[in-house]
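Structural overview for review
The primary structure of each chain is shown beneath.
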Amino acid sequence: MRVAVDVERCEGHGRCYMTAPELFEADDIGNGRERGDGTVPPDLERKARVAVANCPERAITCEEAN
Amino acid sequence: MAEHPPVTDWRTDFDHTDDVWAADPYPIWDELREQCPVAHSERYGGVWLPTRYDDIAAIAYDTERFTSRSIIVSEFRPPRMLAPEGIAPPISSDPPVHKEARRLLLPIFSPQAIDKLEPSTRAYCQELIKAMGDRDVVDAAAEYAQHIPVRVIANMLGLPEEDADVFRGFVNHVLEGVSLPLEKRAEGMINLFGYLQGHMEDHMANPRDDLITFLLESEMDGKKLDPFQVVRTIALLLIAGIDTTWSAIGASIWHLAGNAADRQRLVAEPDLLPVAMEELLRAYAPVTMARLVREDMDWNGCPMKAEEWVLLPFPSANRDPAAFEDPDKVIIDREVNRHAAFGLGIHRCAGSHLARMELRVALEVWLEAFPAFELADPDAVRWSGGQVRGPRVLPVKINV
Ligand code: HEM
Ligand code: SF4
C-alpha cells in the first residue's frame, strides 16, 4: 500500500500527521506530506486508511498493493 | 442581547442571534436539514442558511460565486471597493490576493512553532486552577476557559497581559454586538484599532522578539507591509483566536461535566484525548462563518441575489447524518471523523494548530486537577449566540 498527499488539495488541517505520524509529517507551513515515498508497512495499513478517512479536504490518495 | 423580534418560523425568518438558537441550535438545524435544507430569511438584508454538509462544503469551496469580503453577518456590508483584500486579510480576502496574506501567517502558526508555546500555556492553566483556591463551585467558562486564549495570543503578539480585559471587550463587541446600530459597532472597531496603533508604534520604536515586530519586518510582494495592514492583521488574530477557543474549551468541559462515563474514560486513558478532542470539536464546533453572494444567480434552485449573506454553519455540517454515523451521539473514540470545525478549503483556520494545543493542554490540566466534576446547576449555563457559540456561564462543582 502507498499513500500520497495531493498538494493542490491539502489545506494543512493536520489530521493525517496527527493520526498517523509514522506515515505523514508537517512541512514548514503545516501542510501534510507523506514520509519517504509513502510506502505503508503492513502493520500500519489500518492507520493509513483511518488517516485517509479523516482528511477534511479528501487530499490523500491511497493505492492498495495488488 | 438580541434586539430583533423573536423568531416564529425558522424556515422563512430565522435569525442566528435569537435566544432559542443560542440555547440549542441543533434541533433547528436538524429540522431544516430534513425539510428546508437551504433556508432564507429577509433579516439583515437577506440571508441564506444551508444546513447539509455537502452544501456547506460546496459554498466554502466556491470562492468565485461567494466572496469573503465580510464573514460576520450584520446590517452592515463593507464597501465593495475593499475587495479582493477586505478589512482583515486573509479571512476577508478572495483569490488571488488571499494566498499571500495567508502565507504570511502559516509559518507562525505551524505545528512546530506552536509546540514551543506548550510549556508556558500549561503553566498558565495551572496558575488559573490554583487561583480558584478551595471553593466547591467555580465558573469554568469565566474563570478558566476564557483566560487561556487571551493570555496566549497576548504573549505571542507582544501585548501587555494586564490588558486582557481590554481586548476581550473589543472582541466581544465585534462578534456579539452584531445587532447594535452601525455607529455603535464602528465605535468599537475604532477603539480596537486605536489601541493597537499605539502598541504598533511602540514596537516600531523598540523592536522585540514577538509577532508584532515580526509582522512589521515581514514583506509581501517584495515590500514591507504597511503599518495599517499590520494593525488589521493583529486585530484579526485577536478576533479570530479568542472567543473561538474559549468556546471550544468551555463546551468540552461542559460535555465532560454532564457525561460521567466519558470523563472517567479520559481520566483513565489520557492518550485518548487527541481523538476525543476531535469528537468534541465535531459535536460542539463553535464557529459559523458567512459569505456574501457576488452576483444574482440561481444556486441549486435558490434565487440568490448579489450582496445577500450566506451563513456557513460548520457545526450543522458536523451533525449531518449523511456525513456522520449517529451524528448526535458524542462517541469519544470515534475513529472516522472528517469534521469541518476549522472550515474547509482555502480559509481553513490558520490558527487550528494553536487552538488544538490550547484545547488539549487546557483539558489535560483540568482533568489532572479535577478528575471528578459535574455541572453545579445545569439551568444556570448560558451560551453565546451569533456566529461563535460556547458557554459563557458554566458553574461546575469540582471535587465531587
Ligand atoms: C477552536 C478554536 C477555533 C475555531 C473553531 C476556529 C474556526 C475557524 C474557521 C471555521 C475558519 C474559517 C473561516 C472561513 O471559512 O471564512 C477560521 C479561520 C481563521 N482562523 Fe480560526 N478558529 C479557532 C481558533 C483560532 C485561533 C486560536 C487563531 C489564531 C490566533 C485563529 C485564526 C484564524 C485565521 C487567521 C483565519 C483565517 C484564515 C484564512 O482566511 O485563510 N483561529 N477559523
Ligand atoms: S489531513 Fe489532509 S488537508 Fe490536512 S494536512 Fe493532511 S493531507 Fe493536508
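Going by the structure above, here's the rest.
The paragraphs below set out a description of the structure included in this document. For every chain, the first residue of its written sequence is number 1, and the numbers climb from 1 along that sequence. All chains are assigned letters beginning at A, and all ligands numbers beginning at 1, according to the order in which they are written. Only residues with pLDDT of 70 or above have their local features reported here, since the model is predicted, and side-chain atom pairs are shown and tallied only from 80 upward, although totals for entire chains, interfaces and linings are computed over all residues. The side-chain figures draw on all heavy atoms in the structure; neither hydrogens nor water molecules are used.

Each metal's donors are the N, O and S atoms within 2.8 Å of it, or within 3.2 Å when it is Na, K or Ca, and because water is not part of the set, sites may look incomplete. When only protein atoms are considered, the iron atom of ligand 1 has one donor, C349 of chain B (SG), at a distance of 2.3 Å. Looking at the element boundaries, C349 of chain B is found in the loop between α15 (314–317) and α16 (352–369). Strands here are runs of E lasting at least two residues and helices are runs of H or I lasting at least four, both read from the DSSP assignment and numbered beginning at the N terminus.

Residues in contact with ligand 2, as listed here, are V5, C10, E11, G12, H13, G14, R15, C16, G32, C55, E57 and I60 of chain A. A per-class count over the shell around ligand 2 returns five nonpolar, four polar and three charged. One heavy atom within 4 Å of a molecule or strand makes the whole residue count as near it. Residues are sorted three ways: Asp, Glu, Lys and Arg are charged, Ala, Val, Leu, Ile, Met, Phe, Trp, Tyr, Cys and Pro are nonpolar, and all the rest, Gly among them, are polar.

All right, on to the nonpolar core then. Definition used in this section: a nonpolar core is a set of buried Ala, Val, Leu, Ile, Met, Phe, Trp, Tyr and Cys residues joined via side-chain atoms within 4.5 Å. For the exposure calls, accessible area comes from a 1.4 Å probe over protein chains only, and a residue counts as buried if that area is under 20% of its type's maximum, exposed if over 50%, partly exposed in between. In terms of nonpolar packing, the biggest core is built from 131 residues, with Y144, L238, I253, W366 and F373 of chain B touching the most fellow members. Per-element tally for this core: the top contributor is helix α12 (residues 227–258) of chain B, with 15 residues. Listed in part, the 18 residues of the second largest apolar core include V3, V40, V52 and A59 of chain A.

Another aspect to go through is the sheet that holds strand β11 (residues 373–375) of chain B. Residue and element names in this part refer to chain B. Spatial ordering of the open sheet is given by β4-β14-β11, a layout of three strands whose pairing is antiparallel. Of all the strands in the sheet, just β4 (137–139) and β11 have a single pairing partner and so form its edges. Ignoring which end each strand starts from, the neighbouring axes of this sheet average 35° apart. Bridge analysis of β4 against strand β14 (residues 395–398) gives three bridges, and the strand direction is antiparallel. Paired strands, as defined in this entry, are two strands with at least two bridges between them according to DSSP. Helix axes are fitted to C-alpha atoms over the stretch in contact, other axes to C-alpha atoms as well, and angles between N-to-C directions run from 0 to 180 degrees.

On to the interface of chain B and chain A, then. Tallying the contact residues gives 22 residues for chain B and 21 residues for chain A. As used here, buried area is the combined drop in accessible area, with a 1.4 Å probe, of two parts when they are placed together. Regarding the contact of chain B and chain A, the summed buried area is about 1800 Å², with carbon and sulfur atoms giving 44% of it. Broken down residue by residue, the surface that chain B buries against chain A is led by E335, R338 and R348 of chain B, which jointly contribute 34%. What counts as a salt bridge is simple: a side-chain nitrogen of Lys or Arg found within 4 Å of a carboxyl oxygen of Asp or Glu. Our count for the contact surface shared by chain B and chain A stands at two salt bridges. Here R15 of chain A and E278 of chain B are joined by a salt bridge, their closest N and O atoms 3.7 Å apart. Polar contact is defined as a pair of N or O atoms within 3.5 Å, subject to the rule that within protein one atom must be able to donate a hydrogen and the other to accept it, and that residues adjacent in sequence are counted only when both atoms are side-chain atoms. Between the two partners, chain B and chain A, sit 16 residue pairs in polar contact (both at pLDDT 80 or more). Contributing elements (two or more residues each) for the side of chain B that touches chain A: α3 (53–61), α4 (97–105), α5 (111–115) and α16 of chain B. Throughout, a residue-residue contact means that at least one pair of heavy atoms, one from each residue, lies within 4.5 Å.

On their own, these measurements won't tell you what the molecule is for.
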